[in-house]
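Geometric and topological summary
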Amino acid sequence: METRQLLLLVALFHVFSSAILTESQSMIGINYGQFADNLPPASATAQLLQSTTISKLRLYGADAAIIQSLAGTGISLVLGVSNSDIPSLASDPSAAANWAAVNVLPYVPSSSISVVSVGNEALSSGDPSLASSLLPAMQNLRTALSASAAAASVKVSTVHSMAVLAQSDPPSSGAFHPDLAAYLTGVLGFLRDAGSPFMINPYPFFAYRSDPRPETLAFCLFQPNPGRLDAGSKLTYTNMFDAQVDAVRSALDGLGFPEVEIVVAETGWPYRGDPDEVGTTVENAMAFNGNLVAHLRSMAGTPLMPGRSVETYIFALYDEDLKSGPTSERSFGLYRADQTMNYDAGLVKSSSSISNASPSQASASPGWTQSAETCVPEVTVQARVDGRPMQSGEQCYLPRAVGSPAVLGMGLLFQYVAVMLLLT
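Residues numbered from 1 in each chain as written. Predicted model: local features only at pLDDT ≥ 70, side-chain atom pairs only at ≥ 80, totals over all residues. Heavy atoms only, no water.

**A closer look at the overall build of the protein chain**
For clarity, the threshold we go by: By definition, any uninterrupted DSSP run of H or I lasting at least four residues is a helix, any uninterrupted run of E lasting at least two residues is a strand, and each is numbered from the N terminus. Each residue is assigned to one of three classes by its accessible area relative to the maximum for its type, calculated with a 1.4 Å probe on protein chains only: buried under 20%, partly exposed between the two thresholds, exposed over 50%. To measure how exposed things are, a 1.4 Å probe is used in the Shrake-Rupley method; for residues, cover is taken only from the protein chains shown.
Within the protein chain one finds 13 helices and twelve strands. Within the span of the protein chain, comprising 424 residues, buried residues form 53% of the whole. Within the structure as shown, the protein chain displays about 17100 Å² of accessible surface, and the carbon and sulfur contribution to it stands at 58%.

As structure tokens, this is what we get:
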């Protein structure tokens, strides 16, 4: 082969690899909670983020120092309107205009702000007045942002907990609570028309806490398990994350909004807890987040939405020492306040592989193979969504090699061009 052809093949391979990596990395974000009195300066946080492959940061407010520190970094931001501000934004368009003028307009386009979330889990907050105020608050804020050319592309949404679902198991039966349907229909119509995502907080950790069996733990941690078959859809699930996301997809479709995209605004696993908190170990936290990252990078998607990963924000960047409640609430951080890692979730740029919390388990299990990133169960394993095993037959696959039409399409293009070069 001539040198020119060889160089073209090498260049094409690098373009192919870079495109796949860029697409998968862009799906991974992280939450930055600030219930702490020991957080590092914003500039240090910006440097930390740039040392990782994290491309998105979600705030629960609109911290000016953080927003400014990320200007020009390519890291996009989700800002938050507090639940307490929802009534004023709903009743007074000028309040919405002022919120946008203070928290968004001074920073765009230098800082990349992708979404503003109006409230956090407002519909399940216990304050019934927020349900009726949520949609008008979103509408008023969208109008305020649209008035500025620099902010016109900023999406407006709101974040929900999984409590908005009345049914989620099996995923094909996913449905919203009837008493919230009227409010959600209006919100979803707004999201559809504005091209904004439906943002949700699924936590496999809480699913395991309510059903602490070994087989449930493996299912929640993306580890070898018999799988779970959804009898309604005839689709098989090998992890709780996909099952929860697809339950949301089914609920959206059932309400008549199949075009509204899903964004996972929070998911994570605590590495520490009180003695009576099951599963709160470093090993489990590293397994969940590390295998989640590998799953998102694989672009395999979910059984209902194959071939594309759901944009996902891991909870959380730092521990939050001022949070109340059990120890686990203060122990979700990938990093301590001094910016040392609690464990490696495979997000550091210099890391060449994803750490698997149980490599011995993966390599020792029949039918499983440790890949360069992680051992991921192949999506044809049979099982039940309710947690009862159906049949075995675990397999491993190389995440970037199968499952994604984008990967397969680019692979075929690479092969075609390679053949044409060989023939010239």
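**Quick word on the environment of A265**
Tracing the chain through its elements places A265 in strand 11 (residues 262-267). A265 gets classed as buried once you look at its relative accessible area, which sits at 0%. Taking the C-alpha atoms as reference points, A265 and N201, 64 residues apart in sequence, are found 5.5 Å from one another.

**Points about helix 6 (residues 129-146)**
As a reminder, the rule being used: The length a helix should cover is 1.5 Å for every residue beyond the first. Here the bend at a residue means the angle between the axes of two seven-residue stretches, the one that ends at it and the one that starts at it. The contact criterion used is simple: two residues touch if any of their non-hydrogen atoms lie within 4.5 Å.
The terminal C-alpha atoms of helix 6 lie 26 Å apart, and with 18 residues this matches the ideal 26 Å at 1.5 Å per residue to within 8%. Where helix 6 bends most, at L135, the angle is about 30 degrees, and the proline P136 comes one to four residues later. Listing the buried residues of helix 6 in full gives L130, A131, S133, L134, A137, M138, N140, L141, R142, A144 and L145. Next to the buried residues of helix 6 lie strand 3 (76-81), helix 4 (86-91), helix 5 (93-103), strand 4 (113-120), strand 5 (155-161) and helix 7 (178-194).

**With respect to the sheet that holds strand 5**
Threshold: For two strands to count as paired, DSSP must find a minimum of two bridges between them. For helices, the axis comes from a line fit to the C-alpha atoms of the stretch in contact; other axes are also lines fit to C-alpha atoms, and the angle between any two N-to-C directions lies between 0 and 180 degrees.
One closed barrel holds the eight strands; their spatial order is 1-2-3-4-5-8-11-12, and the pairing between them is parallel. Here the average twist between neighbouring strands, direction ignored, is 25 degrees. Bridge analysis of strand 2 (residues 56-59) against strand 3 gives three bridges, and the strand direction is parallel. Bridge assignment links L57 to a residue of strand 3, and that residue is L77.

**Observations concerning the pairing of strand 3**
The following threshold applies: When the strands point away from the viewer and the path from the first strand over the helix to the second turns clockwise, the crossover is right-handed.
In terms of burial, strand 3 is a largely internal element, six of the six residues being buried. Residues S76, V78 and G80 point to one face of strand 3 and L77, L79 and V81 to the other, with burial holding for every one of them. Crossover handedness for the path strand 2 to helix 3 (residues 64-69) to strand 3: right-handed. Pairing analysis gives five bridges linking strand 3 to strand 4, with the strands arranged parallel. Residue pairing in the sheet places G80 in a bridge with S117 of strand 4.

**Things to note about helix 11 (residues 282-298)**
Between its terminal C-alpha atoms helix 11 stretches 24 Å, which fits the 24 Å expected from 17 residues at 1.5 Å a residue. Following helix 11 by one or two positions, M299 adopts a phi angle in the positive range, close to 60 degrees.

**A look at the packing of aromatic side chains**
Put simply, the rule reads: For this analysis, a ring pair means two rings from Phe, Tyr or Trp (six-membered ring only for Trp) whose centres lie within 6.5 Å, classed as stacked if their planes differ by under 30 degrees, edge-to-face if by over 60, and tilted for the remaining angles. Two conditions define a charge located above a ring, namely a distance within 6 Å from the ring centre to NZ of Lys or CZ of Arg, and an angle within 35 degrees of the ring normal.
Tallying each qualifying case throughout the model produces twelve aromatic pairs. Geometrically, the ring pair formed by Y203 and F206 is tilted, given 5.0 Å between the ring centres and 55 degrees between the ring planes. Measuring from centroid to centroid gives 5.8 Å for F222 and F288, while their planes differ by 45 degrees, and the two rings are tilted. In this pair, F222 is assigned in the loop between helix 9 (214-220) and strand 9 (228-230) and F288 in helix 11, connecting sequence segments 66 residues apart. Looking at F222, the relative accessible area reads 3%, which means it is buried. What makes F288 buried here is its relative accessible area of 0%. Among the aromatic residues, those joined into a cluster by ring pairs are Y203, F205, F206, Y208, F222, F241, W269, F288, F315 and F332. It is R228 that lies over the ring of F219; its NZ or CZ is 3.9 Å from the centre.

**Quick notes on the confidence of the model for the protein chain**
As a reminder, the rule being used: Each residue carries a pLDDT score, the predictor's confidence in it, ranging from 0 to 100.
Across the protein chain, pLDDT averages 84, with 77% of residues at or above 70. Segment residues 9-24 is flagged for pLDDT under 50; beyond a separation of four residues in sequence, or across chains, it makes 20 contacts in the model.

**Comments concerning the packing of helix 5 against helix 6**
Here is the rule we go by: Roughly parallel refers to an angle under 35 degrees, roughly antiparallel to one over 145, roughly perpendicular to one between 65 and 115, and oblique to any angle outside these ranges. Two helices cross in a left-handed way if the nearer one is turned anticlockwise from the farther one by less than a right angle. They cross in a right-handed way if the turn is clockwise. Side-chain classes follow a simple rule in which Ala, Val, Leu, Ile, Met, Phe, Trp, Tyr, Cys and Pro form the nonpolar group, Asp, Glu, Lys and Arg form the charged group, and the remainder, Gly included, forms the polar group.
Direction vectors running N to C along helix 5 and helix 6 enclose 55 degrees, while the axes themselves pass 8 Å from each other. With respect to each other, helix 5 and helix 6 are oriented oblique. Between helix 5 and helix 6 the crossing geometry is right-handed. Listed contacts from helix 6 to P93, A96, A97, W99 and A100 of helix 5 are N140, L141, A144 and L145. Across the contact of helix 5 with helix 6, the residue classes tally to eight nonpolar, one polar and no charged.

**Considering unusual backbone geometry**
Cis geometry marks the peptide bond from V108 to P109, where omega comes out at 5 degrees. With respect to the helices, strands and loops of the structure, P109 is situated in the loop between helix 5 and strand 4. Note that the residue after F315, namely A316, is joined by a cis bond; omega there is 10 degrees. Here A316 lies in the loop between strand 12 (312-314) and helix 12 (359-364). Despite not being glycine, M299 has its phi angle at roughly 60 degrees, a positive value. Within the secondary structure, M299 is located in the loop between helix 11 and strand 12. Accessibility expressed as a relative area gives 2% for M299, which makes it buried.

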